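Survey of secondary and tertiary structure
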Amino acid sequence: MSDDRPEPTDEEVVETASEAAEGVVLARYRQSDLRDFDVTVSFEDGVLDVDVYVNPPADAEADADEVADEAARAARDAVDELFGLA
């Protein structure tokens, strides 16, 4: 990150990660078809923790575990970009 830009706040980090993860899940499944999904993000002491739970319909083509992993990676990548690391 350049010296003239302030560090992102913890709230900005959490919001950025959440939006990225949710975007991946909703790109793979229609929200109305999902039985349930949850994205939990915390950022404390410089440590990002992302937990993604997806419960798709039984006939869904996309594997829920793979989508959850992809969503968590997208969250991490979005935060890296926010800090200028990507």
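These numbers were taken from a predicted model, which means no experiment stands behind them. (Residues numbered from 1 in each chain as written. Predicted model: local features only at pLDDT ≥ 70, side-chain atom pairs only at ≥ 80, totals over all residues. Heavy atoms only, no water.)

The full count for this structure, using the stated rule, is three salt bridges. Between Arg30 and Asp33 there is a salt bridge, with the nearest N and O atoms lying 3.2 Å from each other. What makes Arg30 exposed here is its relative accessible area of 56%. By relative accessible area, Asp33 is classed as partly exposed at 34%. (Salt bridge = Lys/Arg side-chain N within 4 Å of Asp/Glu carboxyl O. Buried < 20%, exposed > 50% of the residue type's maximum accessible area, 1.4 Å probe, protein only.)

Here the focus is the packing of aromatic side chains. This structure, assessed with the given rule, holds one aromatic pair. Measuring from centroid to centroid gives 6.1 Å for Phe43 and Phe83, while their planes differ by 40°, and the two rings are tilted. Linking Phe43 in strand 1 (residues 36–44) with Phe83 in the segment after helix 2 (64–82), this pair joins segments that are 40 residues apart in sequence. Given the relative accessible area of 13%, Phe43 is considered buried. (Phe/Tyr/Trp six-rings, centres within 6.5 Å; stacked < 30°, edge-to-face > 60°. Helix = DSSP H or I, 4+ residues; strand = E, 2+ residues; numbered from the N terminus.)

Attention now goes to helix 1 (residues 10–28). The terminal C-alpha atoms of helix 1 lie 28 Å apart, and with 19 residues this matches the ideal 27 Å at 1.5 Å per residue to within 8%. The inward-facing, buried residues of helix 1 abut strand 1, strand 2 (47–55) and helix 2. (Expected span 1.5 Å × (residues − 1). Contact = heavy atoms within 4.5 Å.)

Where helix 1 meets helix 2, the closest approach of the two axes is 8 Å, and the angle between their N-to-C directions is 145°. Considering the relative orientation of helix 1 and helix 2, their crossing is right-handed. Two secondary-structure elements touch here, helix 1 through Glu12, Val13, Thr16, Ala17, Ala20, Ala21, Val24, Val25 and Arg28 and helix 2 through Val67, Glu70, Ala71, Ala74, Ala75, Ala78, Val79 and Leu82. (Axes fitted to C-alpha atoms, helices over the stretch in contact; angles between N-to-C directions. Left-handed = near helix turned anticlockwise from the far one by under 90°.)

A separate point is the side chain of Ser18. If you trace the backbone, Ser18 turns up in helix 1. Setting aside its immediate chain neighbours within four residues, Ser18 contacts Val39 and Val41.

This brings us to the pairing of strand 2. Sheet faces and side chains relate simply in a regular strand, where the side chains alternate between the two faces. Sheet analysis places strand 1 next to strand 2, joined by nine bridges and oriented antiparallel. Bridge pairing in strand 2 places Phe37 opposite Val54. Taking the residues that link successive antiparallel strands as the turn, the strand 1-strand 2 hairpin has two residues, and the phi of Asp45 there is positive, at about 55°. (Pairing = 2+ DSSP bridges.)

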